[in-house]
Amino acid sequence: MPQILLSEGPNNGVRLLTLNRPEALNALNTALLEALSEQLDIAETDPETRALVITGSERAFAAGADINEMASRDVVGMLEDPRVQHWARIDRFVKPLIIAVNGFCLGGGCELAMRGDILIAGTNAQFGQPEINLGIMPGAGGTQRLVRAVGQSLAMQMVLTGEAISAQRALAAGLITEICQPELTIERAMAIATTIASKGPLAVQLARESVRRGADMDLAAGLRFERHAFTILAATEDRREGLNAFRNKRKPQFSGR
Ligand code: HXC
């Protein structure tokens, strides 16, 4: 059986994961989410991996949760759905996650993409939460992360009409940071990830955590968290190295210590 998730690297600190169920437009079934969870475990414990890129195919990043699998589950089946643990595993991932989207990015696919720290997309990308067309609603963060990313009016329109938005609209709304030609999307995501991978990993991890956690806190709590994280970095060799390198006009060599 062909592999449903391809893993390459790490190269220059970056690992690339490619969703690979072309026959179902990368619909996220349990097996694919389980494979993704396993790869996140590997990436997280590997010190050589400093950033991760997740992509799909040129036709689809992912067209949603696997509808056939979902149809076979009743309410008890949904409560016991093992995919919930895999979604939670992605939420716990601690390294920078760059998402490179081409084509359809719908339903659970959009919910996966929105778990990324940075999203970039090809000109052919379409983002949407079409669950309403199936008589259901987003269930893996779609109603929550989308509103935080694009604001209530656009999130409401997407969730209640089920209509997708273009890459251009997603850029204007702040859902993604860049648009490129579809054949360059992965290259561009890898370049961003490589830049991040060249920085001090402790600083990257704490800065990332500060941005992510702060989004769910009030400003005073977020500022406190930031100050603590900033202060902790004063104990690292990487901070000493970074400041020394600047003063000696050379490139820093970060060790992750
Ligand atoms: C299972 C899927 C699928 C999906 C596409 N396929 N999306 N299979 N689950 N989500 C399959 C099709 O059945 C078809 O298989 C093959 O992929 C190609 O798709 P087509 O429909 O023939 O392609 P096209 O005409 O180009 O249309 C593309 C599309 C359409 C617009 C993306 O496939 C579509 O509407 N898909 C469903 C999108 C969706 O509703 N997503 C939300 C799912 S619910 P065959 O065997 O016929 O060739 C969800 C809830 C998340 O995500 C909740 C998490 C807890």
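Just so it is clear, the model here is predicted, and its values are computed rather than measured.

Trainee: Tell me about the packing of helix H10 (residues 201–214) against helix H11 (residues 219–232), and name the residues and values.
Mentor: Running from N to C, H10 and H11 point in directions that differ by 175°, and their axes come no closer than 10 Å. When the axes of H10 and H11 are compared, the pair comes out roughly antiparallel. Residues Leu 206, Glu 209, Ser 210 and Arg 213 of H10 touch H11, and the partners they reach there are Phe 225, Glu 226, Ala 229 and Ile 232.

Trainee: Can you tell me about a nonpolar patch on the surface, naming the residues and giving the values?
Mentor: Together, Ile 67, Leu 134 and Ile 136 line one region of the surface with nonpolar side chains, adding up to about 250 Å² of accessible area. Positionally, Ile 67 belongs in helix H2 (residues 67–71).

Trainee: Explain the nonpolar core to me, and be specific about the residues and the numbers.
Mentor: The nonpolar side chains of a soluble globular protein tend to be buried, and buried together. In this structure, Leu 19, Phe 61, Val 101 and Phe 127 are the most contacted members of the largest nonpolar core, which totals 42 residues. Core analysis: the second largest hydrophobic core is formed by 15 residues, Leu 16, Ala 51, Cys 180 and Ile 196 among them.

Trainee: Before we move on, can you summarise the sheet that holds strand E5 (residues 97–101) with the specific residues and values?
Mentor: Ordered in space as E1-E2-E3-E5-E7-E10, the six strands form an open sheet in which the pairing is mixed. Edge positions in the sheet fall to strand E1 (5–11) and strand E10 (178–180), since each of these pairs with one other strand and no more. Each strand of the sheet is rotated relative to its neighbour by a mean of 20°, with strand direction disregarded. With four bridges connecting them, E5 and strand E7 (residues 118–122) associate as parallel partners.

Trainee: Give me the lowdown on the layout of surface pockets, citing residues and values where you can.
Mentor: Taken as a whole, the largest pocket encloses approximately 780 Å³ of empty space. Looking at the largest pocket, it is lined by 25 residues, and the ones nearest its centre are Met 114, Gly 116, Asp 117, Arg 212 and Ala 215. Broken down by secondary-structure element, the contributors of at least two residues to the lining of the largest pocket are E7, helix H6 (142–150) and H10. Take the lining of the largest pocket: its biggest share by element is six residues, from H10. Here the residues of the lining of the largest pocket are counted per class, giving 13 nonpolar, three polar and nine charged. Shared between two domains, the lining of the largest pocket takes at least three residues from each, and those domains are domain 1 (4–197) and domain 2 (201–247). Of the pockets and cavities examined, the second largest pocket occupies roughly 580 Å³. Contributing to the lining of the second largest pocket are 27 residues, with Ala 65, Met 70, Met 78, Ile 136 and Gly 139 lying nearest its centre. When residues in the lining of the second largest pocket are grouped by element, the largest group, four residues, is from helix H4 (residues 83–92). Considered class by class, the residues forming the lining of the second largest pocket number 16 nonpolar, four polar and seven charged.

Trainee: Describe the side chain of Lys 95, with residues and values.
Mentor: Mapped onto the secondary structure, Lys 95 falls in the loop between H4 and E5. A polar contact is formed between the side chain of Lys 95 and the backbone oxygen of Glu 44, at a distance of 3.2 Å. Of note is the side chain of Lys 95, whose polar atom sits 2.7 Å from the backbone oxygen of Thr 49. Apart from the residues lying within four places of it in its own chain, the contact partners of Lys 95 are Ala 43, Glu 44, Asp 46, Thr 49, Arg 50, Asp 117 and Arg 208.

Trainee: Tell me about the pairing of strand E2 (residues 14–19), and please be specific about residues and values.
Mentor: Where burial is concerned, most of E2 is hidden: six out of the six residues are buried. Residues Val 14, Leu 16 and Thr 18 point to one face of E2 and Arg 15, Leu 17 and Leu 19 to the other, with burial holding for every one of them. Relative to E2, E1 runs antiparallel, the two being bridged by five bridges. The residue of E2 that forms the bridge with Leu 5 is Leu 19. One ladder, built from five bridges, connects E2 with strand E3 (residues 51–55); its direction is parallel. Across the sheet, the residue bridging to Arg 15 is Leu 52, located in E3. Where the polypeptide runs from E2 across helix H1 (residues 30–45) and back to E3, its parallel neighbour, the crossover connection is right-handed.

Trainee: With reference to specific residues and values, describe the environment of Leu 112.
Mentor: Mapped onto the elements of the fold, Leu 112 is located in helix H5 (residues 108–113). A C-alpha to C-alpha distance of 8.1 Å links Leu 112 and Trp 87, two positions 25 residues apart in sequence.

Trainee: Could you give an account of the domain arrangement of the protein chain, naming the residues involved and the relevant values?
Mentor: What the domain assignment reports for the protein chain is domain 1 (4–197) and domain 2 (201–247). The centre of domain 1, based on its C-alpha atoms, is set 27 Å off from the matching centre of domain 2. Opposite the ten residues of domain 1 that make contact, domain 2 presents six residues. On the domain 1 side of the interface with domain 2, the three residues burying the most area are Arg 50, Val 94 and Asp 117, jointly 49% of the side's total. Remark: the boundary between domain 1 and domain 2 carries three salt bridges.

What counts as what
- Residues numbered from 1 in each chain as written.
- Predicted model: local features only at pLDDT ≥ 70, side-chain atom pairs only at ≥ 80, totals over all residues.
- Heavy atoms only, no water.
- Axes fitted to C-alpha atoms, helices over the stretch in contact; angles between N-to-C directions.
- Helix = DSSP H or I, 4+ residues; strand = E, 2+ residues; numbered from the N terminus.
- Parallel < 35°, antiparallel > 145°, perpendicular 65-115°, else oblique.
- Contact = heavy atoms within 4.5 Å.
- Patch = residues over 30% accessible without salt bridge, like charges linked within 9 Å, V, L, I, M, F, W, Y side chains within 5 Å.
- Areas by Shrake-Rupley, 256 points an atom, 1.4 Å probe, with all protein chains shown as cover.
- Salt bridge = Lys/Arg side-chain N within 4 Å of Asp/Glu carboxyl O.
- Core = buried A, V, L, I, M, F, W, Y, C linked by side-chain atoms within 4.5 Å.
- Buried < 20%, exposed > 50% of the residue type's maximum accessible area, 1.4 Å probe, protein only.
- Pairing = 2+ DSSP bridges.
- 1 Å grid on protein atoms, 1.4 Å probe; cavity = no way out; pocket = protein on both sides within 12 Å on 5 of 7 lines; lining within 4 Å.
- Points joined across faces, edges and corners; volume = space filled by probe spheres on them.
- Nonpolar A, V, L, I, M, F, W, Y, C, P; charged D, E, K, R; others polar.
- Domains from an automatic or database assignment.
- Polar contact = N/O pair within 3.5 Å; in protein donor to acceptor, adjacent residues only side chain to side chain.
- Right-handed = clockwise from strand over helix to strand, strands pointing away.
- Buried area = accessible area lost by both parts, 1.4 Å probe.

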